[in-house]
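# Structure at a glance
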Amino acid sequence: MGFEDHELIFLGTGGGRVLCATQHRQTGGIMYKFNGKQTHIDPGPGAIVYLNRMKIDRLKTEWIIATHNHTDHINDIPIIIESVHETLTKPAGILISTEEYIHTLHSYYRDLLVDIIPMQAGKTVKLTNHTSILGTKIVHGNTQGFGLIFQQIDAKDPSKTYQIGFTSDTEIYDGFGEIYKDIDILIANVLRPSNKTCPRHACVEEFIPALEIAQPKTCIITHYGALFDPPWSDGNIISQQMTHIQESIGKNTKVIGAQDNLRLKIPELLGS
Ligand SMILES: [Zn+2]
Ligand SMILES: [Zn+2]
């Protein structure tokens, strides 16, 4: 089954150091295809392996996005940059990331790219005539970073538009829910279950009030850390945690717990 337009494929749903090291959950990031274009968001360790396993055409990736300079988000960027080339003599791929990460990237990889776009909260970048991205604020220690809202116009039917947000890694700060208010789909990195708080990250109980404010049509939870389901935890509590979020926020938002290699067709998430 080919990678369809306006589709998401989760090449990973694990977050943090322990899941990177164990690959108990994959950490390959998220593939997102729209209007015939393909983007790879946060290709952490194993991204190239999982991309190939899902038989996604690596040459079709146009944008490589790294939301911040942490291993679970950037580890496979060099191989992804190389992999989008049929031949190294012709530049390919556009990297979108923080100044902090861009400066760490060796000139060999930089020179392979068509363009490098520094991104930050509050900045809008037009990717095509039908797609722009807005950088959103994250609070993630002293690491530069951004979340994203994609603003999409369907190239085949311009009357159809939607917005999809990616929170990246962040604490829940004042105003977080408002930033994602009225978007259609929110993909949220929630590293910890219940009220198990973690510096620089969100846990379920912190996230629920923000989700009540944002009220997207669909919210997809991902980037599970080491307390959600590994063998050394108290068992797999993901579905129980997702049910709890769903019951807490009511029926206006559909809550989905992502799983590795999950494929989601965006029109179905929009109810259209
Ligand atoms: Zn992370
Ligand atoms: Zn991080």
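Residues numbered from 1 in each chain as written. Chains lettered and ligands numbered in written order. Predicted model: local features only at pLDDT ≥ 70, side-chain atom pairs only at ≥ 80, totals over all residues.

## A few points about unusual backbone geometry
- Even without a glycine there, the phi angle at Gln23 is positive, about 55 degrees.
- Mapping Gln23 onto the fold places it in the loop between helix H1 (17-22) and strand S2 (27-34).
- Judged by the 16 C-beta atoms lying within 10 Å of it, Gln23 falls in the partly exposed class.
- Phi is positive for Asp182, which is not a glycine, with a value near 70 degrees.
- Mapped onto the elements of the fold, Asp182 is located in the loop between helix H7 (176-179) and strand S11 (185-189).
- Overall, Asp182 belongs to the exposed group, with 10 C-beta atoms counted inside 10 Å. (Helix = DSSP H or I, 4+ residues; strand = E, 2+ residues; numbered from the N terminus. Buried ≥ 20, exposed ≤ 12 C-beta atoms within 10 Å, placed from the backbone.)

## What to know about the sheet that holds strand S1 (residues 7-12)
- Strand order in this open sheet of seven strands is S6-S5-S4-S3-S2-S1-S14, and the pairing throughout is mixed. With one partner strand each, in any of the chains shown, strand S6 (115-118) and strand S14 (263-265) form the two edges of the open sheet. The average undirected angle you get between the axes of adjacent strands in this sheet is 20 degrees.
- Inspection of the sheet shows S2 paired to strand S3 (residues 37-41) by five bridges, in the antiparallel sense. Counted as the bridge partner of Lys33 is Gln38 from S3. (Pairing = 2+ DSSP bridges. Axes fitted to C-alpha atoms, helices over the stretch in contact; angles between N-to-C directions.)

## Section: the sheet that holds strand S8 (residues 131-136)
- Read across the sheet, seven strands follow the order S7-S8-S9-S10-S11-S12-S13 without closing on themselves; strand pairing throughout is mixed. The open sheet terminates on both sides in strands that have one partner only, identified here as strand S7 (124-126) and strand S13 (254-257). Averaged over all pairs of adjacent strands, the angle between strand axes in this sheet comes to 15 degrees, irrespective of strand direction.
- Two strands pair when backbone bridges link them, and strand S12 (residues 218-222) and S13 are joined in this way by four bridges, in the parallel orientation. When the bridges of S13 are listed, Cys219 appears paired with Val255.
- Against the sheet, helix H9 (residues 238-249) contacts S12 and S13, and its axis sits at roughly 165 degrees relative to S13. (Contact = placed C-beta atoms within 7 Å.)

## As for the pairing of S12
- Counted residue by residue, S12 has five buried out of five residues, so it is predominantly covered.
- Residues Thr218, Ile220 and Thr222 of S12 are buried on one face, and the alternating residues Cys219 and Ile221, pointing to the opposite face, are buried as well.
- Judged from the five bridges that link them, S11 and S12 form a sheet pairing that is parallel. Across the sheet, the residue bridging to Ala188 is Ile221, located in S12.
- A crossover links S11 with its parallel partner S12, the connecting element being helix H8 (residues 204-214), and its sense is right-handed.
- Remark: the S12/H9/S13 crossover connection has right-handed handedness. (Right-handed = clockwise from strand over helix to strand, strands pointing away.)

## Some points on H8
- Buried residues of H8: Val204, Phe207, Ala210, Leu211 and Ala214, and no others. Looking down the long axis of H8, one finds its buried residues gathered within 125 degrees of arc, a one-sided arrangement.
- Among the structural elements, H7, S11, S12 and H9 are those in contact with the buried residues of H8. (Arc of directions from axis to C-beta.)

## So, the environment of Gly29
- Residue position: Gly29 is located in strand S2.
- For Gly29, a count of 32 C-beta atoms within 10 Å translates into the label buried.
- Along the sequence, Gly29 and Lys160 sit 131 residues apart, while their C-alpha atoms lie 27 Å from each other.

## A word on H9
- With 12 residues, H9 should cover 16 Å at 1.5 Å per step; its first-to-last C-alpha distance of 17 Å lies within 8% of that length.
- Looking only at H9, the buried set comprises Gln241, Ile245 and Ile249. Around the axis of H9, the buried residues are gathered within 55 degrees of arc, so they sit on the same side. Opposite the buried face of H9, at more than 90 degrees from it, the exposed residues are Ser239, Gln240, Thr243 and Glu247.
- Here the buried face of H9 lies against H8 and S13.
- Two residues or fewer after H9 comes Gly250, characterised by a positive phi angle close to 85 degrees. (Expected span 1.5 Å × (residues − 1).)

## Overview of the packing of H8 against H9
- At their nearest, the axes of H8 and H9 sit 10 Å apart, and the two run at 35 degrees to each other. By crossing handedness, the relation of H8 to H9 is classed as right-handed. Every residue of H9 that contacts H8 at Val204, Ile208, Leu211 and Glu212 is listed here: Gln241, His244, Ile245, Ser248 and Ile249.
- A per-class count over the contact of H8 with H9 returns five nonpolar, three polar and one charged. (Left-handed = near helix turned anticlockwise from the far one by under 90°. Nonpolar A, V, L, I, M, F, W, Y, C, P; charged D, E, K, R; others polar.)

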